[in-house]
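# Descriptive structure summary
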Amino acid sequence: MPAPRKPSPSSPATSRRVTPGGPATLKNPALAARVRQLAAQAEHRRAIAEFRARHAADQQARINALLLEAIDALASLLSTPP
């Protein structure tokens, strides 16, 4: 079986690659703006997901504390002699 060949520098597969400098080296200003916009949207979505996860964890902690209080109250009611 022959070894895989590297694509030539002028092939379409290599022309779409982003240069090592990243989005800052994009020459088309509209494309660079779109990249920044998409990055900002992704960061915003990550922040929302982090907030929701933290909020859900806080709610769960409150529910757990209330359940422990209810269990403690029931246990004290059931353990006292009449």
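Anything mentioned here points back to the structure above.
Residues numbered from 1 in each chain as written. Predicted model: local features only at pLDDT ≥ 70, side-chain atom pairs only at ≥ 80, totals over all residues. Heavy atoms only, no water.

## A few points about the overall build of the chain
Scanning the chain for helices and strands turns up two helices and zero strands. In the chain, buried positions account for 5% of the 82 residues. Looking at the chain as shown, the accessible area adds up to about 7,700 Å², and 64% of this sits on carbon and sulfur atoms. (Helix = DSSP H or I, 4+ residues; strand = E, 2+ residues; numbered from the N terminus. Buried < 20%, exposed > 50% of the residue type's maximum accessible area, 1.4 Å probe, protein only. Areas by Shrake-Rupley, 256 points an atom, 1.4 Å probe, with all protein chains shown as cover.)

## What about the pattern of salt bridges?
Going through the model one piece at a time under the given rule, you end up with two salt bridges. Two residues, E43 and R46, come together in a salt bridge whose shortest N-O distance is 3.1 Å. Of this pair, E43 and R46 are both found in helix α2 (residues 29-79), three residues apart, which corresponds to roughly one turn of the helix. Salt-bridge contacts for E50 lead to R54; the nearest nitrogen and oxygen are separated by 3.3 Å. One end of the pair, E50, and the other, R54, are both in helix α2, four residues apart, so they sit about a helical turn from each other. (Salt bridge = Lys/Arg side-chain N within 4 Å of Asp/Glu carboxyl O.)

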